[in-house]
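Each chain, written out:
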Amino acid sequence: MQVRKALPLMTVLIVLITIIVPYIVLPRTSVQVSVGRLTLSIPIPYSLLGVTLTAIAIALELLPLSIIEYRLWRINNEILMEIPTVIRIIRDGLSSGQTLNNVAEILTRASRGRLSRILVESIMREGMGMTTIREDLTRISRELGNNYLAMLAAILDTAIRSGAKLQETLDVAYRSFEDIVSYYRDKTNQVKPYLVLIYTVMVIYIVLAGVVIYLMVPSIGRITTSASTPGIALPTIATINVQLFSSIIVVGGIIQSIIAGLIIGRIIYGRPTVGLLHASILIIITALINYVMYTMIYLHIM
């Protein structure tokens, strides 16, 4: 638990160190950026291989945090999707006069999901006098950060104590959670195309930038050089620092990938950090596509 809380800070620290290292070991230059009347001088490392390796390192450093967050989201999502089924089984079992232990046996046979296992263990602990169902489920909800599990604990405790109103209470809870589950399923189906769109846009960005830098600019540079007149100095594009512009493309890809990943995490998963898994994938894709285009197009035509 403590490690999971400290992991985001450790990840940020490691990524910052990884960003600083290229500025120490790689050649760098300054790029002028104008924002209105304000002109900023931003230092940029311009070794394509070094920046590509840095990008991949950042992606790999984000993976431990993103995988843990994604697995936690999967667990909580699985619990949420199972809540209506579990409430229905408990409602039917208790309404027919069966005990909690019998309901636990039914849950074991009828539903083999994570929530069923958690609830069966909570019923067993209450039967042994170790704790109550509400206390045990509330403890687990705090560990997982799952508010719906805490709500379920309160609902079950209220329903069991209500006696005659047990079925009515569980009926209301079943319909409420069924609506919540339907909402999340509809939301997931609606935003899936946007996830594909983000990946497509990032690939198009890196490919178009590579075509301009590695194919068009050198070709135009050769044309201007061959068309130059003796005694007349013509501007040439052949002197462009391709390594610098390639590095800028990679740095831009890193920034856009992280922002896109956080947006994906917030919209689709409800937690920005879960989207860092997509950010890592996008960083690796953009960095590798850019490097392959550099070696296959620019070095080949030069």
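Look a little higher up for the structure.
Each value, and the rule that gives it
- Residues numbered from 1 in each chain as written.
- Predicted model: local features only at pLDDT ≥ 70, side-chain atom pairs only at ≥ 80, totals over all residues.
- Heavy atoms only, no water.
- Helix = DSSP H or I, 4+ residues; strand = E, 2+ residues; numbered from the N terminus.
- Contact = heavy atoms within 4.5 Å.
- Areas by Shrake-Rupley, 256 points an atom, 1.4 Å probe, with all protein chains shown as cover.
- Axes fitted to C-alpha atoms, helices over the stretch in contact; angles between N-to-C directions.
- Parallel < 35°, antiparallel > 145°, perpendicular 65-115°, else oblique.
- Left-handed = near helix turned anticlockwise from the far one by under 90°.
- Nonpolar A, V, L, I, M, F, W, Y, C, P; charged D, E, K, R; others polar.
- Pairing = 2+ DSSP bridges.
- 1 Å grid on protein atoms, 1.4 Å probe; cavity = no way out; pocket = protein on both sides within 12 Å on 5 of 7 lines; lining within 4 Å.
- Points joined across faces, edges and corners; volume = space filled by probe spheres on them.
- Expected span 1.5 Å × (residues − 1).
- Buried < 20%, exposed > 50% of the residue type's maximum accessible area, 1.4 Å probe, protein only.
- Arc of directions from axis to C-beta.

Trainee: Even after reading the chapter, I still don't get the overall build of the chain, so can you show me in this structure?
Mentor: Each helix and strand in the chain was counted, giving nine helices and two strands. For the chain, the α and β elements follow one another from N to C terminus as α-β-β-α-α-α-α-α-α-α-α. Expressed as a percentage of contacts within the chain between residues at least 6 apart in sequence, the contacts between residues at least 24 apart total 66%. Entry remark: accessible area of the chain is about 17100 Å², with carbon and sulfur atoms responsible for 65%.

Trainee: How do you make sense of the packing of helix 3 (residues 100-110) against helix 4 (residues 114-127) when you look at a structure like this?
Mentor: Each packed pair of helices is defined by two parameters, the angle between the axes and the distance between the axes. Direction vectors running N to C along helix 3 and helix 4 enclose 155°, while the axes themselves pass 9 Å from each other. Looking at the two axes, helix 3 sits roughly antiparallel to helix 4. Regarding helix 3 and helix 4, the two cross each other, and that crossing is left-handed. Judged by residue contacts, Leu100, Asn101, Ala104, Leu107 and Thr108 of helix 3 engage Ser116, Leu119, Val120, Ile123 and Glu126 from helix 4. Residue classes in the contact of helix 3 with helix 4 are distributed as six nonpolar, three polar and one charged.

Trainee: Would you mind showing me how to read the pairing of strand 1 (residues 28-35) here?
Mentor: Bridge count between strand 1 and strand 2 (residues 38-45): eight bridges; the pairing is antiparallel. Considered in strand 2, the bridge of Arg28 is made with Pro45.

Trainee: How should I be thinking about the layout of surface pockets in this particular structure?
Mentor: Empty space left among the atoms is revealed by rolling a probe the size of a water molecule over them. Here the largest pocket is characterised by a volume of approximately 560 Å³. Along its surface, the largest pocket is lined by 23 residues, and Trp73, Asn76, Gly145, Tyr269 and Arg271 are the ones closest to its centre. Taken together, the elements giving at least two residues each to the lining of the largest pocket come down to helix 1 (2-25), helix 2 (48-95), helix 6 (147-162), helix 7 (166-226) and helix 8 (242-269). It is helix 2 that contributes the most residues to the lining of the largest pocket, six residues altogether.

Trainee: Looking at this structure, I do not really get helix 5 (residues 133-144). What am I missing?
Mentor: Turn by turn, an α-helix covers 3.6 residues, leaving residues three or four places apart pointing in a common direction. Helix length check: helix 5 (12 residues) gives 16 Å between terminal C-alpha atoms against 16 Å at 1.5 Å per residue, within 8%. Within the sequence span of helix 5, burial applies to Ile133, Asp136, Leu137, Ile140, Ser141 and Leu144. What you see down the axis of helix 5 is that its buried residues fit within an arc of 135°, all on one side. On its buried face, helix 5 is in contact with helix 2, helix 3, helix 4 and helix 6.

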